Amino acid sequence: MITLAIQKSGRLSEKTVKLLQECGIVFENGGSSKLKSKAGNFPMQILYLRDDDIPECVADGIADAGIVGENVYLEKRKPLTIVEKLGFARCRLSIAVPKSMKYSSLKDLNGLSIATSYPNILETFLTDNRINANIHEISGSVEIAPGIGLADAIFDIVSTGSTLLSNGLREVETVIKSEAVIVAGENLTDEKQALLDKLLFRIRAVQLAGNRKYILLNAPNEKIETICGLLPGMKSPTIMPLSTAGWSSIHSVIAEDEFWEKIEALKAAGAQGILVIPIEKMIL
Ligand code: ATP
Ligand code: ZN
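Residues numbered from 1 in each chain as written. Chains lettered and ligands numbered in written order. Predicted model: local features only at pLDDT ≥ 70, side-chain atom pairs only at ≥ 80, totals over all residues. Heavy atoms only, no water.

**A look at the domain arrangement of the chain**
One frequent convention defines the size of an interface as the accessible area lost when the parts assemble.
Now for step 1: With domains assigned, the chain is organised as domain 1 (2–85 + 180–208), domain 2 (91–178) and domain 3 (212–278).
Now for step 2: Spacing between the C-alpha centres of domain 1 and domain 2 amounts to 30 Å.
Now for step 3: Contact between domain 1 and domain 2 buries roughly 750 Å² in total, counting both sides, with carbon and sulfur atoms accounting for 44%.
Now for step 4: Per-residue buried area on domain 1 facing domain 2 is highest for Asn71, Glu75 and Arg77; these three make up 74% of the total on that side.
Now for step 5: For the pair domain 1 and domain 2, the number of links is one salt bridge.
Now for step 6: Ionic pairing is found between Arg77 and Glu123, a salt bridge with its closest N-O pair at 3.6 Å.
Now for step 7: Looking at which element gives the most residues to the side of domain 1 that touches domain 2, the answer is helix 3 (residues 70–76), with five residues.
Now for step 8: Of the residues in the side of domain 1 that touches domain 2, the class split is two nonpolar, two polar and three charged. (Domains from an automatic or database assignment. Buried area = accessible area lost by both parts, 1.4 Å probe. Salt bridge = Lys/Arg side-chain N within 4 Å of Asp/Glu carboxyl O. Helix = DSSP H or I, 4+ residues; strand = E, 2+ residues; numbered from the N terminus. Nonpolar A, V, L, I, M, F, W, Y, C, P; charged D, E, K, R; others polar.)

Pasting the structure below:
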């Protein structure tokens, strides 16, 4: 049995639950009062926690692995390993200053006080860059700190930047980029490691399928070569004759964004009846 810690409710929870479901793991969804649940068809138990508590729980062995933002993993400085990056909950941790403040380089931060909920990450960054600023730790609403005179600048999560703008702040330095990751303890038993590997195998198959699509199209035989040149495929496209003489059906795998770029070229090359179908899992 493996124990996986996930965020109880917040920006990570929905996508985490969806990912586990796509891996074929069925468990009762954690209601607001729920602390744990057991998967019905995989030897796994889920613990629902605040994201801040996940690194410590995994480091202490209460959970064997956890899904958490890289930012929280870095801040907590626990002896854990990132075993997979998951590509969702992307954000960055940046330094922002009031719009009216003159800022031309990092040196301008010397002597200032910077409000943050991520003092460890900020301290490492300031030390690495030989900046002498005061770190003012606060736990929430960091972006209002300069406005109420609590600090000169802030260091906080940014995703679109609109919160900064509405608080009269300007992003001046990106310190780290973050996404959801799976962290694991460093001393898993062989049994737990094998289960984690099994979970990772499934997660990678889901991730790989990602935005890729299965594409089918019909083309006159003399255009096959041109069209195949436009389709990357996993190895090479599948080509099957149609019952109409001189025509073939071509099947391949393509990234969705690539598809939109290539659609005109495919049509110009003579492709017809193009079908694009989602791929659920992909194993290379
Ligand atoms: P908890 O109640 O579990 O402590 P929280 O309020 O600390 O939750 P959330 O706001 O749910 O945390 O964010 C969880 C994680 O999602 C963050 O640590 C970060 O990795 C990521 N994240 C936060 N804000 C954003 C955002 N605006 N866009 C994308 N990802 C974000
Ligand atoms: Zn939190």
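Having seen the model, we can carry on.
**A look at the nonpolar core**
Now for step 1: Core analysis: the biggest nonpolar cluster contains 34 residues, and Ile95, Leu109 and Phe155 have the highest contact counts within it.
Now for step 2: Going through the elements one at a time, strand 3 (44–49), helix 2 (54–59), helix 3, strand 6 (91–98), helix 4 (119–128), strand 9 (153–158), strand 10 (169–178) and strand 11 (180–185) are the ones with two or more residues in this core.
Now for step 3: Per-element tally for this core: the top contributor is helix 4, with four residues.
Now for step 4: Discounting chain neighbours no more than four positions away, the residues touching Leu109 are Ile95, Val97, Tyr103, Ile131, Asn132 and Ala133.
Now for step 5: Counting residues in each nonpolar core, the second largest holds 29 residues, with Leu12, Ile182, Leu188 and Leu195 among its members. (Core = buried A, V, L, I, M, F, W, Y, C linked by side-chain atoms within 4.5 Å. Buried < 20%, exposed > 50% of the residue type's maximum accessible area, 1.4 Å probe, protein only. Contact = heavy atoms within 4.5 Å.)

**Section: the environment of Arg212**
Now for step 1: Looking at the element boundaries, Arg212 is found in strand 12 (residues 212–220).
Now for step 2: According to the relative accessible area criterion, Arg212 is partly exposed, its value standing at 30%.
Now for step 3: As a C-alpha pair, Arg212 and Arg170 span 42 residues in sequence and 36 Å in three-dimensional space.
Now for step 4: Not counting the four nearest positions on each side in its chain, Arg212 is found in contact with Val253, Ile254, Ala255, Ile279 and Met282.
Now for step 5: From its side chain, Arg212 meets the backbone oxygen of Leu208 in a polar contact 3.2 Å long. (Polar contact = N/O pair within 3.5 Å; in protein donor to acceptor, adjacent residues only side chain to side chain.)

**Regarding helix 8 (residues 256–268)**
Now for step 1: Across its 13 residues, helix 8 extends 19 Å between first and last C-alpha, which sits within 8% of the 18 Å expected from 1.5 Å per residue.
Now for step 2: If you look at helix 8, its biggest bend is around 50°, right at Lys262.
Now for step 3: Burial in helix 8 covers these residues: Phe259, Ile263 and Leu266.
Now for step 4: In this structure, the buried side of helix 8 is in contact with strand 12, helix 7 (224–230), strand 14 (247–255) and strand 15 (272–278).
Now for step 5: Positive phi appears at Gly270, one or two residues downstream of helix 8, with a value of about 105°. (Expected span 1.5 Å × (residues − 1). Bend = angle between axes of the 7 residues up to and from the residue.)

**Structural notes on the packing of helix 1 (residues 13–22) against helix 6 (residues 190–209)**
Now for step 1: One way to put it is that helix 1 packs onto helix 6 with a least axis distance of 9 Å and a crossing angle of 100°. Overall, the two elements helix 1 and helix 6 adopt an arrangement that is roughly perpendicular. Contacts between helix 1 and helix 6 pair Leu19, Leu20 and Glu22 from the former with Leu199, Ile203, Val206 and Gln207 from the latter.
Now for step 2: Looking at the contact of helix 1 with helix 6 residue by residue, the classes come out as five nonpolar, one polar and one charged. (Axes fitted to C-alpha atoms, helices over the stretch in contact; angles between N-to-C directions. Parallel < 35°, antiparallel > 145°, perpendicular 65-115°, else oblique.)

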